[in-house]
Amino acid sequence: MNEHGKSAKRQEVKMLNRKVLELTGVSNVESFDSEEFLLETECGFVTVRGQNLHMKHLSLEQGLVAIEGLVHSIAYLDGAAADKSKGFLGKLFK
């Protein structure tokens, strides 16, 4: 706990040979397909982009997501980028 009585945000990102990615601190999976995952984490929204992506393991109770496939990029989205992404997803699901 920090001086304000709140637990410190913690997240681990582990990747093996760009083919297996494990993230902790995940609170929600917003969307996913074979080319992109959008995850809500304790440290903000994260996008994972690649090819042939699929979920190997999901445990929201433990905050753990494991993704397999060829990973091209991992990016944290700030508030403005997250709003844009949701706008894109909103258009996608119309």
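Shown above is the structure to which this text applies.
The structure displayed is predicted, hence computed values, not measured ones. (Residues numbered from 1 in each chain as written. Predicted model: local features only at pLDDT ≥ 70, side-chain atom pairs only at ≥ 80, totals over all residues. Heavy atoms only, no water.)

What follows is about the pairing of strand S6 (residues 64-77). As judged from the 4 bridges shared by strand S2 (residues 20-23) and S6, these two strands associate in the antiparallel manner. Its bridge partner lying in S6, Leu 23 is registered against Val 65. Judged from the 12 bridges that link them, strand S5 (residues 44-59) and S6 form a sheet pairing that is antiparallel. From the neighbouring strand, Ser 59 faces S6, where its bridge partner is Leu 64. Between S5 and S6, which pair antiparallel and follow one another directly, the connecting turn spans 4 residues, one of which, Gly 63, has a positive phi of 70°. (Pairing = 2+ DSSP bridges. Helix = DSSP H or I, 4+ residues; strand = E, 2+ residues; numbered from the N terminus.)

Along the chain, the position of Thr 47 falls in strand S5. Residue class for Thr 47 comes out buried when judged on its relative accessible area of 2%. If we ignore the near neighbours within four places in the chain, the residues touching Thr 47 are Glu 36, Phe 37, Leu 38, Ser 73, Ile 74, Ala 75 and Leu 77. (Buried < 20%, exposed > 50% of the residue type's maximum accessible area, 1.4 Å probe, protein only. Contact = heavy atoms within 4.5 Å.)

The biggest cluster of nonpolar side chains holds 12 residues, and these are Leu 21, Leu 23, Val 26, Val 29, Phe 37, Leu 39, Val 46, Val 48, Leu 53, Val 65, Ile 67 and Val 71. Of all the secondary-structure elements, those providing two or more residues to this core are S2, strand S3 (26-32), strand S4 (36-41), S5 and S6. (Core = buried A, V, L, I, M, F, W, Y, C linked by side-chain atoms within 4.5 Å.)

Right, let's get into the environment of Ser 73. With respect to the element layout, Ser 73 can be found in strand S6. Using a relative accessible area of 27% as the deciding quantity, one classes Ser 73 as partly exposed. Each C-alpha atom, one on Ser 73 and one on Val 48, is 5.8 Å from the other, the two residues being 25 residues apart in sequence. Here Ser 73 is in contact with Thr 47, Val 48 and Arg 49, once residues within four sequence places are set aside.

These results come straight from atomic positions and should not be treated as a statement about function.
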